[in-house]
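# Reading the structure
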Amino acid sequence: MEEFEPNRLLVTQRDSAELLIVNLEDGSVSDPIEGTPEVNSEGQGGLLDVTIAPDFDESRLVFLTFSQNAEDGTVTAVGKGVLSEDETSLEDFEVIFQALPAYDGDLHYGGRIIFDEEGNLFLTTGERSDDPIRERAQDLDAYLGKVIHITQDGEAVGTNPFVEDEDALDGIYSYGHRNIQGVDFNPETGDLWIVEFGPQAGDELNIIEPANNYGWPIVSYGIEYTGELINDGISEHEAQGFVEPRYYWDPTSAPSGMAFYDNDAIPEWENNLFIGGLVSSYIARVVIEDDIIVGEERLLSEEGERFRDIL
Ligand SMILES: [Ca+2]
C-alpha cells in the first residue's frame, strides 16, 4: 500500500496482479489500473510492493516490485511507470532491475522497496528458500537474500560498500538475509530497519548498515521445518562475524509490512514500530529505547486476519 494523496491508496493485489486505488473516506475501490507488468503468481509470487517517487507530484512515477518470469526460472524485479492523469493506466512501464540469478521456484521473493533521502531505492530480496540455493544469501555475486541499493534507473548507488570489490555485485548493501518482508526508516535515528522471516520461528528485526552480514543460512534463532537445528545450532554469532538481530520471535510472528509511528495523534505511540503478521494474525506494536526493544503488544488478534502491510 502507498498513500499517494491524502486518504487515497495505491494497493497491489498479489495473486491477481492488480493495482487498485482505494479511497479511505468512502471505501470505494477503482477498476484495475492498466499497464501493470505480467507477473508469475505461483506460490508466494505476484505483484508485490508499490511506492511512489519522491517527486511524484510532478513525475507521477510509480515503482512496483513483482516476481517475473526469466530464462531459467523467476526473479524479483523492480519496474516503474507513469500514472496517467485520469488514474486509469501506468504508462511506459519498464523493468529497471532484476535480482539475479533466476531460480526455478516460487518462494521467498522479498520485494519491499523504500526511498531514501537522496531519492535512491532500497530493495529487499529473499534467498528463494530451497537448500542449496538459499546458501547464495552469503554470496556477494548473487542478489538473493540481500538489501540492495539502486537508483531510480536501476543502477548501483556509487557509495555502496562493495563497488570497489571486483568479485561482488555493486548493488549489494547488506547480506545474509532470508526473506525480508518489511522496511522502514526509524524517524528518531534515521536508521534503516527491516523485518525478515526466520525458518521455523527465528523471525528477525535488524538495523541495516552497509556491508553487514546478518548470518542466514549459517546462523539463526529458528530451526528447520523438519525440526533439525540450523548448523547444529551454533551460537556466538557476533564472534563469527554475523550481526545479531535487535529482536527475534519464537514462536513465529510471520512478519509482513512495517511502519514506524510518526504522528501527533497518539503521543503514547510516538516512534513505536508496527509490524503486520500473516499466519500469526496479529499486529505487533514494538517499543524501542536507544535501539533496544523494551516492549511488545499484540493487537487485533481477535480479527482472525492476515496483516500483509502497515501504514
Ligand atoms: Ca540473522
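Data block above holds the structure.
Residues numbered from 1 in each chain as written. Predicted model: local features only at pLDDT ≥ 70, side-chain atom pairs only at ≥ 80, totals over all residues. Heavy atoms only, no water.

Here we take up the packing of aromatic side chains. Evaluation of the coordinates by the stated rule reveals 13 aromatic pairs. Centre to centre, the rings of Phe4 and Phe56 are 6.1 Å apart; their planes meet at 80°, and the pair counts as edge-to-face. Highlighted residues: Phe4 in strand E1 (residues 2-5) and Phe56 in helix H1 (residues 56-59), separated in sequence by 52 residues. The ring of Trp216 is capped by Arg178, whose NZ or CZ atom sits 5.2 Å from the centre of that ring. (Phe/Tyr/Trp six-rings, centres within 6.5 Å; stacked < 30°, edge-to-face > 60°. Helix = DSSP H or I, 4+ residues; strand = E, 2+ residues; numbered from the N terminus. Lys NZ or Arg CZ within 6 Å of the ring centre and 35° of its normal.)

For the rest of this paragraph, the subject is the pattern of salt bridges. The full count for this structure, using the stated rule, is 10 salt bridges. Residues Glu85 and Arg60 are paired through a salt bridge, measuring 3.8 Å at the closest nitrogen-oxygen approach. In this pair, Glu85 sits in the loop between strand E6 (73-83) and strand E7 (90-98) while Arg60 sits in the loop between H1 and strand E5 (61-70), placing the two residues 25 residues apart along the sequence. Across the salt bridge formed by Arg285 and Glu297, the nearest N and O atoms sit 2.9 Å from each other. Taken together, the residues Arg285 in strand E18 (residues 283-289) and Glu297 in strand E19 (residues 292-299) connect sequence positions 12 residues apart. Residue classification places Arg285 among the buried positions, given a relative accessible area of 16%. The network of salt bridges with common partners includes Glu5, Arg8 and Glu87. (Salt bridge = Lys/Arg side-chain N within 4 Å of Asp/Glu carboxyl O. Buried < 20%, exposed > 50% of the residue type's maximum accessible area, 1.4 Å probe, protein only.)

Another point: the coordination of the calcium ion. Around the calcium ion, the protein contributes the donor atoms Glu204 (OE), Glu204 (OE) and Tyr214 (O), at 2.3 to 2.4 Å from the metal centre. Taken as a pair, Glu204 in strand E14 (residues 203-208) and Tyr214 in the loop between E14 and strand E15 (247-249) lie far apart in primary sequence, 10 residues in all. The burial state of Glu204 is the same as that of Tyr214; both residues are buried. (Donors = N, O, S within 2.8 Å, 3.2 Å for Na, K, Ca; no water.)

Keep in mind these numbers describe shape, not what the thing actually does.
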